[in-house]
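These are the residues of each chain, in order.
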Amino acid sequence: MDVHGTVAEGFEPVRDAFAGNFGLLGDRGAAVAVYRDGHRVVDLWGGARDFDGAAGEAPWEHGTAQIVRSATKGVAAAVLLLLRQRGELDLDAPVGEYWPEYKAAGKERTLVRQLLAHRAGVPVLDRPLTPAEAADPDLGAAAVAAQAPVWEPGTDHGYHAQTYSWLTGELVRRVTGRTVGEWIADEVAGPAGAELWLGLPAAEQARVGRVGPVAAPETASALRTRPKRAVSEAYADPGSLTRRAFGAISPLPDENDPGYRAAALPASNGIATADGLARFYASLIGEVDGGRRLFTPETVELARTEQSAGPDRVLVVSTRFGLGYMLHGSASPLLSPVSFGHPGRGGALAFADPESGIAFGYVTNGFRKSVTADPRAQALVRAVRTALS
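Residues numbered from 1 in each chain as written. Predicted model: local features only at pLDDT ≥ 70, side-chain atom pairs only at ≥ 80, totals over all residues. Heavy atoms only, no water.

**Some thoughts on the layout of surface pockets**
And then number 1: Of the pockets and cavities examined, the second largest pocket occupies roughly 190 Å³.
And then number 2: In terms of lining residues, the second largest pocket is bounded by 16 residues, among which Pro137, Gly169, Thr179, Val180 and Ala264 are the most central.
And then number 3: Put simply, the parts of the chain that give the lining of the second largest pocket at least two residues each are α6 (137-146), α7 (164-176) and α8 (180-192).
And then number 4: Sorting elements by how many residues they give to the lining of the second largest pocket places α7 first, with five residues.
And then number 5: Class assignment of the residues belonging to the lining of the second largest pocket gives a composition of nine nonpolar, four polar and three charged. (1 Å grid on protein atoms, 1.4 Å probe; cavity = no way out; pocket = protein on both sides within 12 Å on 5 of 7 lines; lining within 4 Å. Points joined across faces, edges and corners; volume = space filled by probe spheres on them. Helix = DSSP H or I, 4+ residues; strand = E, 2+ residues; numbered from the N terminus. Nonpolar A, V, L, I, M, F, W, Y, C, P; charged D, E, K, R; others polar.)

Okay, here's the thing in structure tokens:
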């Protein structure tokens, strides 16, 4: 496998791990980028741009973008935290103060911070939305506003895999009058100089590769990351919160459909380059070459302050969340205990580590069944840790 791009002196272990992902862990097309103190130190790509199960596809190029699934949640969380930073949103106010319809069905005391920390109690919809309905922000907002919580908001946590889209998107629209995709383009991606989109413009469609499922190789590493029986059973049970949360859109959308990519679902369908994700996180924690810092130090601390920890009622394993971000832990290992970020189901990962000044982004076109700790991303994180030691 030919690996393209550059690494700064000392970060050669990341190149070795990236190449190993193709040779040992079955990657077909991928990219990784790392910033340190606002400067790019890793920019690598390789493999095929499009995943379609056949050989001979067009090569991945510098600037190839992919759908990053739940890694989008970290970008959406930044919108709400920036609104708080500007004094336009109170994290301790009831959601219904901004969105009166949300007060229905026992949710009148749900706080904005509980929504961000997956404590809102509405990870499921009694009637799942079709992909077309899910793409309509009015229908999605109405569905979650009418939904009764499955636990008392604020008393427990469980991953809002799909409903996070309409919870965050509608709150942004009520506060700003703009869609969350418009806000990200104008106030996040533009100022940071990051190649990421929520609601992919037609002009950018041609640069986005096709994605598909890929099986994990039967290596010792893969065997160690197989889910525990309780997790497997939760995903297999149609009545479990796990299946219902991930099935809030049914049938599953075609992630290669241009219409789906043009929609704005903050939980699941952001499009980004690896450099775009890494640059975004670099801009949260400091100045970045050619871009602007987004978070104040106080907002960084807010983002990574633990709000939820312990057994996750949806993911079954123990998870840790700050305000919209996954925190370092056994379910989602990041660079260090102060890191905050978000994985995308099947492979993608992006995070920032304020202590070391590292910002990381990895995207792939081969999606696995993993939700929070893909072996390919973890191999790259370990390599970054080695480079810093």
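**With respect to the packing of aromatic side chains**
And then number 1: Taken as a whole, this structure holds 10 aromatic pairs when the rule is applied.
And then number 2: Ring geometry for Tyr159 and Phe321: centres 6.2 Å apart, planes at 15°, overall stacked. Of the two residues, Tyr159 is situated in the loop between α6 and α7 and Phe321 in strand β9 (residues 318-321); the sequence distance between them amounts to 162 residues. Taken individually, Tyr159 and Phe321 each receive the classification buried, so the pair is uniform in this respect.
And then number 3: Ring geometry for Phe280 versus Tyr281: centroids 4.8 Å apart, planes at 75°, classification edge-to-face. (Phe/Tyr/Trp six-rings, centres within 6.5 Å; stacked < 30°, edge-to-face > 60°. Buried < 20%, exposed > 50% of the residue type's maximum accessible area, 1.4 Å probe, protein only.)

**What to know about helix α14 (residues 297-304)**
And then number 1: Taken residue by residue, α14 has Thr299, Val300, Leu302 and Ala303 as its buried positions. For α14, the angular spread of the buried residues around the axis is 160°, confining them to a single face.
And then number 2: Residues of α14 that are buried in the fold lie against α2 (72-85), α13 (274-285), β10 (326-327) and β11 (340-343). (Arc of directions from axis to C-beta. Contact = heavy atoms within 4.5 Å.)

**Focus: the sheet that holds strand β7 (residues 271-272)**
And then number 1: Within the open sheet, the three strands sit side by side as β4-β7-β5. Their pairing is antiparallel. The open sheet has two free edges, formed respectively by β4 (66-67) and β5 (196-197), since each of these has just one partner strand.
And then number 2: The pairing of β4 with β7 spans two bridges and is antiparallel. Across the sheet, residue Gln66 finds its bridge partner in β7, namely Ala272. (Pairing = 2+ DSSP bridges.)

**A few points about the pairing of strand β2 (residues 29-36)**
And then number 1: Extensive coverage of β2 is indicated by the burial of seven of its eight residues.
And then number 2: Where β2 meets strand β3 (residues 39-47), eight bridges bridge the pair, whose relative direction is antiparallel. Bridge pairing in β3 links Gly29 to Gly47.
And then number 3: Where β2 folds back onto β3 in an antiparallel hairpin, the turn is made up of two residues, including Asp37, whose phi is positive at roughly 50°.
And then number 4: Examined bridge by bridge, β2 and strand β13 (residues 358-364) share seven bridges and lie antiparallel to one another. Residue Ala33 lies in a different strand from β13, and its bridge partner there is Gly361.

**So, the packing of α2 against α13**
Packed helix pairs are characterised by how far apart their axes lie and by the angle those axes make with each other.
And then number 1: Contact geometry of α2 with α13 gives a least axis separation of 11 Å together with a crossing angle of 30°. The crossing of α2 and α13 is left-handed. Two secondary-structure elements touch here, α2 through Gly74, Val75 and Ala78 and α13 through Phe280, Tyr281 and Leu284.
And then number 2: Tallied by class, the residues present in the contact of α2 with α13 amount to five nonpolar, one polar and no charged. (Axes fitted to C-alpha atoms, helices over the stretch in contact; angles between N-to-C directions. Left-handed = near helix turned anticlockwise from the far one by under 90°.)

**Some remarks on the packing of helix α1 (residues 12-23) against helix α15 (residues 375-388)**
And then number 1: Put simply, α1 and α15 touch, their axes get as near as 8 Å, and they point 165° apart. In this view, α1 runs roughly antiparallel relative to α15, as classed from their interaxial angle. The hand of the α1/α15 crossing is right-handed. Contact residues: Pro13, Val14, Ala17, Phe18 and Asn21 in α1; Arg376, Ala379, Leu380, Ala383, Val384 and Thr386 in α15.
And then number 2: When its residues are assigned to classes, the contact of α1 with α15 shows eight nonpolar, two polar and one charged. (Parallel < 35°, antiparallel > 145°, perpendicular 65-115°, else oblique.)

**Digging into the side chain of Thr273**
And then number 1: Positionally, Thr273 belongs in the loop between β7 and α13.
And then number 2: Of note is the side chain of Thr273, whose polar atom sits 2.7 Å from the backbone nitrogen of Gly276.
And then number 3: With sequence-adjacent residues up to four places away left out, Thr273 is seen in contact with Gly63, Thr64, Ala65, Glu195, Arg207 and Val363. (Polar contact = N/O pair within 3.5 Å; in protein donor to acceptor, adjacent residues only side chain to side chain.)

**What about the pattern of salt bridges?**
And then number 1: Summed over all chains, the structure comprises 22 salt bridges.
And then number 2: Between Arg376 and Asp27 there is a salt bridge whose closest N-O contact spans 3.1 Å. In this pair, Arg376 is assigned in helix α15 and Asp27 in the loop between α1 and β2, connecting sequence segments 349 residues apart. Taken individually, Arg376 and Asp27 each receive the classification buried, so the pair is uniform in this respect.
And then number 3: Taking the shortest distance from any N to any O, the salt bridge between Arg178 and Asp186 comes out at 3.3 Å.
And then number 4: On the accessibility criterion, Arg178 (25% relative accessible area) is partly exposed.
And then number 5: Owing to a relative accessible area of 46%, Asp186 belongs among the partly exposed residues under this scheme.
And then number 6: Connected via shared salt-bridge partners are Glu101, Asp138, Glu170, Arg173 and Arg174. (Salt bridge = Lys/Arg side-chain N within 4 Å of Asp/Glu carboxyl O.)

Everything listed here is a matter of coordinates, which is why it stays silent on function.
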